[in-house]
Every structure is written in C-alpha cells, then in structure tokens.
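Survey of secondary and tertiary structure
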Amino acid sequence: MLTVTHLTGGYSRLPVIKDLNFTVKAGEIVGLIGLNGAGKSTTINHLIGLLTPHTGEIELNGISLQANPQKYKEQLAYIPEMPVLYEELTLREHIEMVIMAYHLDHDQAWQDAQHLLHLFRLTNKLDWLPANFSKGMKQKVMITCAFITQAQLFIIDEPFLGLDPLAVKNLLTSIRTKADAGAGVLMSTHVLSTAQTYCDRFIMLDHGQIIAHGTLTDLQTQAHMADANLTDIYLALTQEGGSDE
Amino acid sequence: MNDLWRQRQRAYRRLLLKYSRYVLNDHFVIALLFILGGFSLGYAQLVQNLTPENAAWWVWPVSGIWLWGWLYVGSITTLLKPPDPIFWLPQEKASGQYIQRAFWWSLWRNCGLQIIGLGIISPLVLRGLGMNSWDLLALGLTQLLLKGTLTLLEYRILTKKRNVQLATKQEYLVLFGTQISCLILALRVTCWGGLALAALCLGVVGITTYRLEDYGIDWQLALAKENSRMARLYRFFNLFTDVPAVQGSIKRRKLWDKLLPQAKGNPYLYCYYRTLVRNPNLSGTYFRLVGVGVMVVLLIPGVWVRGAVAVLWLYLVMNQMLGLASVHRNNLFQYVWPLQPLQQRKALQKVMRYLLGGVTILLVVGVEIVTKNWLLSGGMLVILSCENAVLTGFYLPQKMDKLLDTQK
C-alpha cells in the first residue's frame, strides 16, 4: 500500500523529518503520534504532495508520488486538521466537486454521501454555504467528502477536534469500515486513548525521526514497559528524548 | 499629538502610494488615457459651439448640479484608529488638538479638490453663461466658502455638544438650501451675490461653532465616519487588487442555482461558475466594469474613438477578471485532489470567453443605440468577437502560465 523510504524533507533547506521509513498496509489503521513539533504534519504534507522531499521515495501501490502525482493522488483522500472549504460552494456542490475530481460514479457516490450525511446529521444542510457552518460541521463536511471517494489510502490529521462525541464515534466506525473494506488509514492524533483502541499499529515521531513503531506490544517491548498503555509509553519515550517546544 | 498626526499622515500617504501602483496599472492607464481623451474631445467640441446667446437651456442646471455635487467630494480625514479612545483617555485636550490639525489639513485638501472641480466645469460656464474671469473667481470663492462651511459643520459634530445633533440636522437642511441658493444666484443672477450669501453662511456657522461648548471627541461617530471613509477607499482599490480589509461576504444567490451550468467533468469550471456568481468581489467588479463600459460607449463622441475604447475595454475587463484564477489559491485541495492542470486552463478560457462575450454584446448594443447604424454595430461585433478569440486563445494562456506557476 503506502511505502515511505528514506524520506527526508522540510519547509526549507533545513530538514525537519529525517530518513523516515514506514509502511501502511491495506486494511490497517496506523496511528502517527508525537509531541507538537515532532514532524507529524510535515510528514503528512510530504505524503499528500504539498512538500517535495529532499531525498527519499513515497509510493502508493507501486505508484510514485514524484513520478506520477496524478495517479498517486487518485488513490488518496485527505482530511486536514482545520477544515478547508470553498466559501462559494454549498455542501451539495462540494460533494459534486469531489465526484468530478475523483471520477466517481455519480449515483453510487451520492448514495454513499447520503449515508454519511445522515450519520453526521447534515442531510438538511445540503444547500448551506460554509459561512453558515460551525467548525464541527465543517469538519464533518470534510469527512463526508473524503469518505465518498474510493481512495486506497486515507490520511487523517487530528480528526477529532471540534467533533461532538456522537460524531467521534461515527467517524471511528466509518474509519474502521473503510479499513475493513481494504483501505489503509494513516491517522495523526493526540488522543492516545482512542488511538490505542482503534489503531492497529503506531509510528511515534520525535525530532523528525521515528523513535518507535509497531503494534502496542512492539512499543511495550521497545520501551521496556510490559503492560503499559500507549499514553505511558508515549510519555516515557518522549521525555527520554527530552523534546523542547 | 502633532508627531502622531504627522506619523499617521506619512503612513496614509504610503498606503495611497502602495495601492496607486495597482490602480494605475498599464492596462487601466491606457484605457483611462483613451477615455479621458475621448471625453475631452467631446467636451471641447461641445463648448466650442456655445455662446451665451445660443447656449442650450441645460448649461446652467448642469453646471449647478456639477458644482453642488462636487461640494460633497472630500470629507474630514481624521486617520483615527479603534484603540485611540482607550489610549488617549488621559489626553483629552491633546486629542482635541489632533482633530483640529485633521480639520485644517482636510480643509486645505478639500479646497484643492474644489478648484479641480471648478476647473473642469469652467469652460462650460465661461462660454455657455458668458462669465468673465472675475465672475469665475467669485464663483470659485463661493465654492470654497461653501465647502469650508460643510467641513466646519463636520468638525463641529465630531467635537461639540451632543445636543446640537438635532440642531445640526436642521442646520444641514438650511445649509443645503443655502448651497442651492448660492449656486442659482451665482449662475443665474450675479456671482458676487452668491459669494456674499456663501460668506454669510460661513460666518453664521463659524460664530455658532465658536460659541458652542467643547464636548471632546465623539469617538463613536468619529471612528464610524473614518472607518466608512477608509472602507470606500479600500473598495475602490479592491477593483484593481485584493485588499485584505475588503473581502465581501459571499452571497448565496439561490435564484442562480438552476441557471448555472453543471459543467460535468471539469471541477474547475463547476467551481468558477459558482464563484463568479456568489463572490461579490468578482461579480461586482464585472458588472461595474460592464456598466461603466456601456456608459463610456454611449457618451463618447466619434466612431473611431468609440471603437478604440470598446476594444480597450474588452482588454481591461479580461485583465481585471483574472482574479478568478487566484481566488482559490489558498485552498489546499487545489493541490491535493487529483485535478488536472489542463482542466483549470480550459475552464478559465471558457469562463473568460463567456464574460467577454457578455461585454461584447452590451457594448455593441450601446454602439447601436448611439449610431443607429447596423453596419457599424455589426462591424463592431465582428471586431470585438475577434478580439475575444485572440485574447482568450493566445493572450490568456500566456498570462495563465505566469499566474498558475506563481501559485505553486
């Protein structure tokens, strides 16, 4: 699915992320965790093509981002941390845009959309403009637009911010459904308790490098903390690293 | 406070200079030269044939309306900012002096503007009404005194007792009547009579202002007026470039939903149609340009000048509407979704063709109304249609290369 090899990059000549190597397989949910400034968003920005790596390769199902960005992006859906909407388009029109951008089957996509809109209680807001939405509602629009695609990989950055508990539960259910259907999910989050429950594997970043990766059991082994939960492992490993903000 | 006033004046001048670069861009300057040239030619031709004996009935009312309207060009510029009432609290007296400096600066500037307005209308009044230089001087002084009265009244409502607001409204009505009377007297009877009445008016307002107790600055009103003035300025600049302070709120315009094409297969085209209709910066700019273009074509004399202006106007509209290409540049999904760059270019070309097509039709209708010559209108249609094809087919792709590359 997603293969990242020797990825080094940043916003200028100075690298922020250094020599990252990881994968996200089909059907698994991978949690990308780390302190503020660890390099999570930078990593994601490289994976979605917003930043060009200094070195390294990013491939999705064998298709390289650098060599064939169009084909790469057709397999990818992204939910940003802060909702980004077209101010001039209604919710209905956002969905139409996604359908056109991803060349989706119109009827099938709307069927999927209706299900998600019902789930997130947006059914009667199809003709609303973003200016009339709360932050949480905008986030739900982003989730709906991403989940109607037939993406092979979902990259989700801090999806829980602004969502009510019911929406969080519905989102997690939808993520698990997508993973069960064969998609890979890379999810960046600070909500470690949720990550521990829903993620299959974890990638822990610190100072732009991977300091631990694998299942919870693998992390317990790496941290020499048998039976510890993800929060304790996270605190132990990051404090060890002595990260400054 | 004197230093603060000077500082703010300098900052204000820098702001005007910064935005004037965008206003006086090459395209607009060329169009403006043609328009001013055309108007000047028409005006000169009109005035040349006028004498007091054969002057048309409209000369004095048009001059009067012009002069009266021009009185309202330019208001007090205080350069006040929202934090001022809080930070100047212990400096009540000094803040009064600040407003006085603003008043005098505004007065001199406004008087300068009045002289410009008088200069524009002077050929008409000299030839059409048979005035001589002394009469013109008297008329000019009348205009300056009336403007001075208006500016003084503005100063007064910012700094004097609140309970004069009602009286001020009555005084505005009296002033309005006096302005009309002065100008009618000056243009129909004697300029010196108008001058005397204007001087009397200024005297009355001046004395009553002097006798009124100082209130201190009416901050709410002063800030509201200054914000309103700056908003007008920013809206003007926004016709030529993006001004951060002016981002009009998006209008839903539901009635257009059924009329907008679905643009299946091209998400950019789909987005651009809706953006054009709902984004007031873009739709407002387009309709204003179309409206002004049609007015210019209707009013400018001469077939060739009219034609040249129409050709230039199409070019101007295209350049002003290029903002459509950048309106979504900060939306990251432009870069994350699997969108094809070629689709964006095709979408822009198509939309621009329609926009210019709309302008073409209206300009041709304008030409037909004025000339009533279908051959001329037909010729203009052909020329503008060819220009549309050349601009969207050759010029626009080159501009897009620069615009879309700089967005990356």
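Keep in mind that this is a model prediction, so the values were computed, not measured. (Residues numbered from 1 in each chain as written. Chains lettered and ligands numbered in written order. Predicted model: local features only at pLDDT ≥ 70, side-chain atom pairs only at ≥ 80, totals over all residues. Heavy atoms only, no water.)

1. Focus on the sheet that holds strand β7 (residues 153–157) of chain A
Residue and element names in this part refer to chain A. Sheet architecture is open: six strands sit in the order β6-β7-β8-β3-β9-β10, paired in mixed fashion. What marks the edges here is a single partner per strand, and that holds for β6 (76–79) and β10 (209–214). This sheet shows a mean twist of 15° between the axes of neighbouring strands, independent of strand direction. Pairing analysis gives five bridges linking strand β3 (residues 29–34) to strand β9 (residues 201–206), with the strands arranged parallel. The residue bridging L32 from the neighbouring strand is I203, located in β9. Taken strand by strand, helix α5 (residues 135–147) contacts β6 and β7, and its axis lies near 175° from that of β6. (Pairing = 2+ DSSP bridges. Helix = DSSP H or I, 4+ residues; strand = E, 2+ residues; numbered from the N terminus. Axes fitted to C-alpha atoms, helices over the stretch in contact; angles between N-to-C directions. Contact = heavy atoms within 4.5 Å.)

2. Topic: the sheet that holds strand β2 (residues 17–24) of chain A
Residues and elements named next belong to chain A. The four strands lie next to each other as β2-β1-β4-β5, forming an open sheet whose pairing is antiparallel. Only two strands of the sheet have a single neighbouring strand rather than two, namely β2 and β5 (63–64). Pairing geometry for strand β1 (residues 2–9) and strand β4 (residues 55–60), over five bridges, is antiparallel. When the bridges of β4 are listed, T3 appears paired with E59. Helix α1 (residues 40–47) rests against β1, β2 and β4 of the sheet, and its axis sits at about 65° to β2.

3. A word on the interface of chain A and chain B
Of the residues lining the interface, 26 residues belong to chain A; the matching set on chain B comes to 27 residues. Carbon and sulfur atoms make up 67% of the surface buried where chain A meets chain B, a total of about 2600 Å² over both sides. On the chain A side of the contact with chain B, Y86, E88 and M100 of chain A bury the most area, a combined 28% of that side's loss. Inspection of the region where chain A meets chain B yields three salt bridges. Between R278 of chain B and E93 of chain A there is a salt bridge, with its nearest N and O atoms 2.5 Å apart. At the surface where chain A touches chain B, the tally comes to eight residue pairs in polar contact (both at pLDDT 80 or more). Here the side of chain A that touches chain B gets six residues from one element, more than from any other, and that element is helix α3 (residues 91–101) of chain A. Of the residues assigned to the side of chain A that touches chain B, the class counts are 15 nonpolar, four polar and seven charged. (Buried area = accessible area lost by both parts, 1.4 Å probe. Salt bridge = Lys/Arg side-chain N within 4 Å of Asp/Glu carboxyl O. Polar contact = N/O pair within 3.5 Å; in protein donor to acceptor, adjacent residues only side chain to side chain. Nonpolar A, V, L, I, M, F, W, Y, C, P; charged D, E, K, R; others polar.)

4. Here we look at the UniProt feature "domain: ABC transporter" (unreviewed entry) in chain A
When the UniProt feature table is mapped to this numbering, "domain: ABC transporter" (unreviewed entry) covers residues 2–232 of chain A. A distance of 28 Å separates the end C-alpha atoms of residues 2–232 of chain A, which is 37% helix and 24% strand. (UniProt positions renumbered as here; feature names shortened; annotations may be inferred.)

5. Things to note about the nonpolar core
Residues L2 and F147 of chain A are the most contacted members of the largest nonpolar core, which totals 193 residues. Discounting chain neighbours no more than four positions away, the residues touching L2 of chain A are F22, T23, V24, L47, I58, E59, L60, Y72 and L153 of chain A. (Core = buried A, V, L, I, M, F, W, Y, C linked by side-chain atoms within 4.5 Å. Buried < 20%, exposed > 50% of the residue type's maximum accessible area, 1.4 Å probe, protein only.)

6. Comments concerning the packing of aromatic side chains
If you walk through the whole model with that rule in mind, you get 18 aromatic pairs over all chains. Centre to centre, the rings of W5 of chain B and Y98 of chain B are 5.3 Å apart; their planes meet at 85°, and the pair counts as edge-to-face. One end of the pair, W5 of chain B, is in helix α1 (residues 2–23); the other, Y98 of chain B, is in helix α5 (residues 92–128), and 93 residues separate them in sequence. The pair formed by W5 of chain B and Y98 of chain B is uniform in burial state, with each residue classed as buried. The rings of W5, Y12, Y98 and W105 of chain B are connected pair by pair, giving a single aromatic cluster. Positioned over the ring face of W128 of chain A is K125 of chain A, at 5.3 Å from the centre of the ring. In this structure, R109 of chain B packs its charged tip against the face of W105 of chain B, placed 5.3 Å from the ring centre. (Phe/Tyr/Trp six-rings, centres within 6.5 Å; stacked < 30°, edge-to-face > 60°. Lys NZ or Arg CZ within 6 Å of the ring centre and 35° of its normal.)

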